[in-house]
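The lines below spell out each chain.
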Amino acid sequence: ANLSHEVSKKMAEKAKKGGTLTRAPVGYLNVRDHLEDREVRTVAIDPDRAPLVIWAIEAYATGNYTISQLHDELVARGMTTRAGAKAGKPIGRSQVAQMLTNRYYLGYVTHKGIEYPGRHEPLIDPVTWARVQAILDGNRQGEKQRKFPHYLKGTIVCGRCGSRLSFSRSRGRHGGLYDY
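Reference entry: report on the structure contained in this document. None of these values were measured; they are calculated from a predicted model.

What counts and how
- Residues numbered from 1 in each chain as written.
- Predicted model: local features only at pLDDT ≥ 70, side-chain atom pairs only at ≥ 80, totals over all residues.
- Heavy atoms only, no water.
- Core = buried A, V, L, I, M, F, W, Y, C linked by side-chain atoms within 4.5 Å.
- Buried < 20%, exposed > 50% of the residue type's maximum accessible area, 1.4 Å probe, protein only.
- Helix = DSSP H or I, 4+ residues; strand = E, 2+ residues; numbered from the N terminus.
- Contact = heavy atoms within 4.5 Å.
- Arc of directions from axis to C-beta.
- Patch = residues over 30% accessible without salt bridge, like charges linked within 9 Å, V, L, I, M, F, W, Y side chains within 5 Å.
- Areas by Shrake-Rupley, 256 points an atom, 1.4 Å probe, with all protein chains shown as cover.
- Salt bridge = Lys/Arg side-chain N within 4 Å of Asp/Glu carboxyl O.
- Pairing = 2+ DSSP bridges.
- Expected span 1.5 Å × (residues − 1).

**Concerning the nonpolar core**
- Val53, Ile57, Leu70, Met79, Met99, Leu100 and Tyr105 are the most contacted members of the largest nonpolar core, which totals 31 residues.
- Where this core is concerned, the elements lending two or more residues are helix H2 (50-61), helix H3 (67-76), helix H4 (93-99) and helix H5 (126-141).
- Here the element with the most residues in this core is H2; it accounts for nine residues.
- Beyond its immediate sequence surroundings of up to four residues, methionine 79 is in contact with Val26, Arg49, Leu52, Val53, Leu74, Pro90, Ile91 and Met99.

Here it is, written out as structure tokens:
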């Protein structure tokens, strides 16, 4: 328990100083520098993937791309996951969506829900970031396409949490269909 507490305390200190706590996201590289007789771990811009990340975020900010279209274009341009166990694998659609919401690209480090200015170089400016977030927020407002249409779809919300209630059709044990 004491070791866990000490590690947690050290991670919080590193975050407050702007250090990256985990592996850097796509577009950055974790590097090890040697100063005198000490190893220093820092984050550097990935020369191969960073231009693609910048292009993707700026392209999405124009409003001309959906996340799926952006993913397809990035794969066509040769975007792969960062080096590691699955090196060279094409980037996934969920990674593209995560890229559009990760404030690390704006120059911030987050630890336990608190944001700190990072020591790494940001890839995106705040104006472009704000446009991307506005587009993402606008896309969340509309009705989602569902497998089964229903006239109340998107209009009934939970009184406790405010989430939309969804409609589904399930098959019973004896073959009947039941609407939920």
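**Remarks on H3**
- Residues of H3 that are buried include every one of Ile67, Leu70, His71 and Leu74, and no others. Looking down the long axis of H3, one finds its buried residues gathered within 100° of arc, a one-sided arrangement.
- After H3 finishes, the residue glycine 78 shows a positive phi value of roughly 95°.

**Observations regarding a nonpolar patch on the surface**
- A grouping of Leu3, Val7 and Met11 is seen on the molecular surface, where their side chains present a nonpolar patch of about 280 Å² in accessible area.
- Note on placement: leucine 3 falls in helix H1 (residues 2-16).
- Classification of leucine 3 as exposed rests on a relative accessible area of 65%.

**Concerning the pattern of salt bridges**
- Counting across every chain of the model gives six salt bridges.
- The closest approach of N and O atoms between arginine 32 and glutamate 39, which form a salt bridge, is 3.9 Å.
- On the accessibility criterion, arginine 32 (54% relative accessible area) is exposed.
- Notably, a salt bridge pairs aspartate 46 with arginine 49, separated by 2.7 Å at the nearest N-O pair. Neither aspartate 46 nor arginine 49 differs from the other in exposure class; each is buried.
- A cluster of three or more residues bridged by salt bridges with shared partners is formed by Arg32, Glu39 and Arg41.

**Quick notes on the pairing of strand S3 (residues 108-111)**
- Side chains of S3 alternate between two faces, with Val109 and His111 buried and Tyr108 and Thr110 left unburied.
- Turn length for the S3-strand S4 (residues 114-117) hairpin, with the two strands adjacent in sequence and antiparallel, is two residues, and the turn residue lysine 112 shows positive phi of about 50°.

**A short note on the pairing of strand S2 (residues 38-45)**
- Of the pairings in the sheet, the one linking strand S1 (residues 28-35) to S2 comprises eight bridges and is antiparallel in character. Directly across from valine 31, in S2, lies its bridge partner threonine 42.
- A loop of two residues connects S1 with S2, the two strands running antiparallel in sequence, and glutamate 36 in this loop sits at a positive phi of about 55°.

**A closer look at H2**
- Here H2 spans 17 Å end to end across twelve residues, near enough to the 16 Å set by a 1.5 Å rise per residue.
- In terms of burial, H2 is a largely internal element, nine of the twelve residues being buried.
- Within H2, the full set of buried residues consists of Ala50, Leu52, Val53, Trp55, Ala56, Ile57, Ala59, Tyr60 and Ala61.
- Phi turns positive one or two residues past the end of H2, at glycine 63, with a value near 85°.

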